Amino acid sequence: MKRTMTCIACPRGCLLNISETDGNITVTENQCSRGVDYALQELKESLRMLTTTVRTSGTDYPRLAVRLSRDVPLRLFPDYMKVISRIIHKGSCIPGDILAENLLDSGIDLISTGAVNSEVAKSNDVDSEKKV
Ligand code: SF4
């Protein structure tokens, strides 16, 4: 078996050559050892960091940027997205805040990567009430 694969572990994007002979997998054209780890993991199962947004309520922005606390199998993205799409974040938060714990009983948390300020939203509400 011979194939090529672009390593996405860093922006350099090395084009890896992967070959398998008698069960031994060889990775070449990698500029560092992370390329080997990436290729071996990809052959086993693709893992990716899921980043998305959740709805907010009573804050200064309608949606908040979020990510999972670690990489998850790509095939499970729809399951995680089903859970995340039901979450509505209320109140202020800053990047790094845990918004939901142990999604799908995986031990993986949902982390905020953005900031929202519920106080700004309250003052905006007051302003809009004054204008009416
Ligand atoms: S092999 Fe190393 S240098 Fe090349 S893209 Fe992967 S992480 Fe970056």
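Residues numbered from 1 in each chain as written. Predicted model: local features only at pLDDT ≥ 70, side-chain atom pairs only at ≥ 80, totals over all residues. Heavy atoms only, no water.

Draft legend 1. The arrangement of the overall build of the protein in detail. Check the secondary structure of the protein and you find 3 helices and 10 strands. Helices (α) and strands (β) of the protein occur, in sequence order from the N terminus, as β-β-β-α-β-β-β-β-α-β-β-β-α. Relative to its length of 132 residues, the protein is extended, with a C-alpha radius of gyration of 21 Å against a globular reference of 14 Å. Each of the three principal axes of the protein carries a C-alpha extent, and together these read 75 × 30 × 20 Å. A total of 132 residues make up the protein; the buried ones form 27% of that total. In the protein, the share of contacts with a sequence separation of at least 24, taken over all contacts with a separation of at least 6, comes to 47%. A total accessible area of about 8500 Å² is found for the protein, and carbon and sulfur atoms account for 50% of it. Of the side-chain charges in the protein, 17 are positive and 17 negative, and the distance between the mean point of each set is 3 Å. (Helix = DSSP H or I, 4+ residues; strand = E, 2+ residues; numbered from the N terminus. Rg over C-alpha atoms; globule rule 2.2 N^0.38 Å. Buried < 20%, exposed > 50% of the residue type's maximum accessible area, 1.4 Å probe, protein only. Contact = heavy atoms within 4.5 Å. Areas by Shrake-Rupley, 256 points an atom, 1.4 Å probe, with all protein chains shown as cover. Lys, Arg positive; Asp, Glu negative; His and termini not counted. Charge placed at Lys NZ, Arg CZ, Asp CG, Glu CD.)

Draft legend 2. How the structure looks around the pattern of salt bridges. Tallied over the full model, the rule gives 2 salt bridges. For the salt bridge of Glu42 with Arg48, the shortest nitrogen-to-oxygen distance reads 2.8 Å. Exposure remark for Glu42: the relative accessible area of 17% places this residue in the buried category. Glu45 is the salt-bridge partner of Arg75, the closest N and O atoms lying 2.4 Å from each other. Here the residue Arg75 occupies a position in the loop between β7 (72–73) and α2 (77–84), and Glu45 occupies one in the loop between α1 (33–44) and β4 (47–48), the gap between them amounting to 30 residues. (Salt bridge = Lys/Arg side-chain N within 4 Å of Asp/Glu carboxyl O.)

Draft legend 3. Structural view of the site of the ligand. The local shell around the ligand consists of Cys7, Ala9, Cys10, Arg12, Gly13, Cys14, Asn30, Gln31, Cys32, Arg34 and Gly35. Class assignment for the residues of the shell around the ligand results in 5 nonpolar, 4 polar and 2 charged. (Near = heavy atom within 4 Å. Nonpolar A, V, L, I, M, F, W, Y, C, P; charged D, E, K, R; others polar.)

Draft legend 4. Here's a closer look at the nonpolar core. Core analysis: the biggest nonpolar cluster contains 16 residues, and Val54, Leu64, Leu68, Tyr80, Ile84, Leu103 and Leu110 have the highest contact counts within it. For this core, the secondary structure elements donating two or more residues are β6 (63–68), α2, β9 (98–103) and β10 (108–112). Listed in part, the 8 residues of the second largest apolar core include Leu16, Val27, Tyr38 and Ala39. (Core = buried A, V, L, I, M, F, W, Y, C linked by side-chain atoms within 4.5 Å.)

Draft legend 5. Structural context of α2. Among all positions of α2, only Tyr80, Val83 and Ile84 are buried. One face of α2 carries all of its buried residues, which in axial projection span an arc of 100°. α2 presents Pro78 and Lys82 as exposed residues on the side facing more than 90 degrees away from its buried surface. For α2, the secondary structure elements touched by its buried residues are β5 (51–57), β6, β7, β9 and β10. (Arc of directions from axis to C-beta.)

Draft legend 6. Broad picture of unusual backbone geometry. Of note, the phi angle at Asp22 is positive, near 50°, even though the residue is not glycine. Here Asp22 is to be found in the loop between β2 (15–21) and β3 (24–28). A relative accessible area of 78% means that Asp22 is categorised as exposed. Phi is positive for Glu29, which is not a glycine, with a value near 70°. As for its position among the elements, Glu29 is in the loop between β3 and α1. Taking the relative accessible area as the measure of exposure, Glu29 reaches 48% and is therefore partly exposed.

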